[in-house]
Amino acid sequence: MAAFTAHTSAATSLYSPAGTAILLRSRSRAYPTTTTIRVSCSKTVVIGVAADSGCGKSTFMRRLTSVLGGGAEPPRGGNPNSNTLVSDTATVICLDDYHSLDRAGRKAKGVTALDPRAHDFDLMYEQVRAIKEGRAVEKPVYNHVTGRLDPPELITPPEILVIKGLHSMYDERVRDLLDLSIYLDISNEVKFAWKVQRDMAERGHSLESIRASIEARKPDFDAYIEPQKQYADAVIEVLPTQLIPGPGDDEGKVLRVKLIMKEGVEHFAPVYLFDEGSTVNWIPCGRKLSCSYPGIRFAYGFGAYFGHEVSVVEMDGQFDKLDELIYVETHLSNLSTKFYGEVAQQMLKHADFPGSNNGTGLFQTIVGLKIRDLYEQIVARR
């Protein structure tokens, strides 16, 4: 883990007259960094998103930044291999940047990127805390092309900071900094189907090699990644459809998706279908919502999730015509929309994104709206 020293910086005058600059130096990193931190008067809202690789984090970030305002782009004039995205109100940082071992180091020690020993959680905590408190940091950059650490980049405090990666909720100190936490939970069956589609079609891998790759990662995923969902305020769970009997959808084209929302989370009112507190199973009217075989089914109810009371909205099946989504939207409440049809508008705006015709896109969009609402509530309270 990183050791830090702090002292007064002569560079204070580079910032606001009332600013204080602090240097945090990590002595154990493969690429030594000096972090200049600038004090700001405001505080940043911090959102954590955790999931395994290939589970839709990047698509979710694109939907989220669209809801929050403006397209997300890499920092201007910075490292072309930066993993950071900056929009009008939000900055998204990838926690791969806090690798303490580069690709060669992980190979030498025989650990995967899922193993906490390959990450610098001390530096992650210090820098997320600094940003939340309104201080700029120079964050390391992990280069996914070379597998090594590049020189650090300056991150100034945004209105909303999103940290996404394998370990967003692994460290208790970082969890305590989060204003809202989300976990993307892709079932083994769906994950395998997605990986087969990608790796066989795009990378020429064999079915056997894909299966072996998944099995090799599974022990670390089970030990370090999946347990984080118990800490999440909202979970988007992706499962095989129940509309097709038997093993009729091995390719994972039709999905059953659940939005699991923890009760009692400050500034986060769970979405409900028709009547809050009821148990609902709903097959939409075929004259108002076009859907080919095997159809669409929605459900809503309550349950327990890792000892927490939760509300659950579920969608099984897929849309044929996105412009008809407004029919479903009118039956959902607590969406935190600003105008009639905003969910449908966002879905149509990004119709080419993966999952736009099923519950993954729908629930990612809804969670994005809830994050915007949470931010506005926090700002109003301040």
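Because the structure is a prediction, the values reported are computed rather than measured.

1. Here we look at unusual backbone geometry
Point 1. In this model, Phe-306 sits at a positive phi of 50°, which is unusual for a non-glycine residue.
Point 2. Inspection of the secondary structure assignment puts Phe-306 in the loop between strand 14 (296-305) and strand 15 (308-317).

2. Points about the nonpolar core
For soluble globular proteins, the rule of thumb is that nonpolar side chains tend to be buried together.
Point 1. Counting 58 residues, the largest nonpolar core has Ile-47, Ile-182, Phe-298, Phe-319, Leu-362, Phe-363 and Ile-366 as the members making the most contacts within it.
Point 2. No other element matches helix 9 (residues 359-381), which puts nine residues into this core.
Point 3. In this structure, Ile-366 is in contact with Leu-259, Val-271, Leu-332, Leu-335 and Val-343, ignoring residues within four places of it in sequence.
Point 4. By size, the runner-up hydrophobic cluster in this structure holds 31 residues, among which are Ile-155, Leu-178, Ile-225 and Val-235.

3. So, helix 1 (residues 57-68)
Point 1. Taking 1.5 Å as the rise per residue, helix 1 with 12 residues should run 16 Å; its terminal C-alpha atoms sit 16 Å apart, in good agreement.
Point 2. Extensive coverage of helix 1 is indicated by the burial of 10 of its 12 residues.
Point 3. Listing the buried residues of helix 1 in full gives Lys-57, Thr-59, Phe-60, Met-61, Arg-63, Leu-64, Thr-65, Ser-66, Val-67 and Leu-68.
Point 4. Where helix 1 is buried, its residues meet strand 3 (45-50), strand 5 (90-94), strand 8 (160-165), strand 9 (180-186), helix 8 (342-349) and helix 9.

4. Focus: the environment of Glu-266
Point 1. By the element assignment, Glu-266 lies in the loop between strand 11 (255-262) and strand 12 (272-273).
Point 2. Between the C-alpha atoms of Glu-266 and Asp-233, which are 33 residues apart in sequence, the distance is 10.0 Å.
Point 3. Each residue touching Glu-266, except ones within four places of it in the same chain, is listed here: Leu-374 and Arg-381.
Point 4. Here the side chain of Glu-266 touches Arg-381 through a polar contact of 2.8 Å, side chain to side chain.

5. A look at the pairing of strand 9
Point 1. In terms of burial, strand 9 is largely enclosed, as seven of its seven residues are buried.
Point 2. Burial of the side chains of strand 9 extends over both faces: Leu-180, Ile-182, Leu-184 and Ile-186 are buried on one face and Ser-181, Tyr-183 and Asp-185 on the other.
Point 3. Direction of pairing for strand 3 relative to strand 9: parallel, over a ladder of four bridges. For Ala-50, the partnering residue across the bridge sits in strand 9 and is Tyr-183.
Point 4. Direction of pairing for strand 9 relative to strand 10 (residues 234-240): parallel, over a ladder of five bridges. Its bridge partner being in strand 10, Asp-185 is matched across the sheet by Glu-237.

6. Some points on the environment of Lys-43
Point 1. For Lys-43, the position within the fold is in the loop between strand 2 (33-38) and strand 3.
Point 2. We classify Lys-43 as exposed; its relative accessible area is 54%.
Point 3. Taking the C-alpha atoms as reference, Lys-43 lies 7.8 Å from Ile-131; in sequence the two are 88 residues apart.
Point 4. If sequence neighbours within four positions are ignored, Lys-43 has contacts with Lys-132, Glu-133 and Arg-382.

7. Notes on the side chain of Thr-360
Point 1. Checked against the element boundaries, Thr-360 lands in helix 9.
Point 2. Within the structure, the side chain of Thr-360 is placed 3.4 Å from the backbone oxygen of Gly-355, a separation counted as a polar contact.
Point 3. Side chain to side chain, Thr-360 and Asn-358 meet in a polar contact 2.5 Å long.
Point 4. Excluding anything up to four places from it in sequence, Thr-360 contacts Val-238, Leu-255, Val-257 and Gly-355.

8. Regarding the side chain of Thr-44
Point 1. With respect to the helices, strands and loops of the structure, Thr-44 is situated in the loop between strand 2 and strand 3.
Point 2. Within the local environment of Thr-44, its side chain forms a polar contact with the backbone oxygen of Pro-158, the two atoms lying 2.6 Å apart.
Point 3. Once residues within four sequence positions are removed from consideration, Thr-44 is found in contact with Ile-131, Lys-132, Pro-157, Pro-158, Glu-159, Ile-160, Leu-161 and Asp-179.

9. Some words on the confidence of the model for the protein
Point 1. Per-residue confidence for the protein gives a mean pLDDT of 85; residues scoring 70 or more make up 86%.
Point 2. Across the protein, element-level confidence peaks in helix 4 (residues 172-175) with a mean pLDDT of 98 and bottoms out in strand 2 with 39.
Point 3. This stretch, residues 1-41, has a pLDDT under 50; its non-local contacts, to residues over four places away or in other chains, come to 90 contacts.

10. Here we look at the pattern of salt bridges
Point 1. Taken as a whole, this structure holds 18 salt bridges when the rule is applied.
Point 2. Notably, a salt bridge pairs Asp-115 with Arg-117, separated by 2.7 Å at the nearest N-O pair.
Point 3. Overall, Asp-115 belongs to the buried group, its relative accessible area being 3%.
Point 4. When the shortest N-O distance is used, the salt bridge between Glu-226 and Lys-229 registers 3.2 Å.
Point 5. On the accessibility criterion, Glu-226 (25% relative accessible area) is partly exposed.
Point 6. On the accessibility criterion, Lys-229 (12% relative accessible area) is buried.
Point 7. The network of salt bridges with shared partners includes Asp-52, Lys-191 and Arg-217.

Cut-offs used in this document
Residues numbered from 1 in each chain as written. Predicted model: local features only at pLDDT ≥ 70, side-chain atom pairs only at ≥ 80, totals over all residues. Heavy atoms only, no water. Helix = DSSP H or I, 4+ residues; strand = E, 2+ residues; numbered from the N terminus. Core = buried A, V, L, I, M, F, W, Y, C linked by side-chain atoms within 4.5 Å. Buried < 20%, exposed > 50% of the residue type's maximum accessible area, 1.4 Å probe, protein only. Contact = heavy atoms within 4.5 Å. Expected span 1.5 Å × (residues − 1). Polar contact = N/O pair within 3.5 Å; in protein donor to acceptor, adjacent residues only side chain to side chain. Pairing = 2+ DSSP bridges. pLDDT = per-residue confidence, 0-100. Salt bridge = Lys/Arg side-chain N within 4 Å of Asp/Glu carboxyl O.

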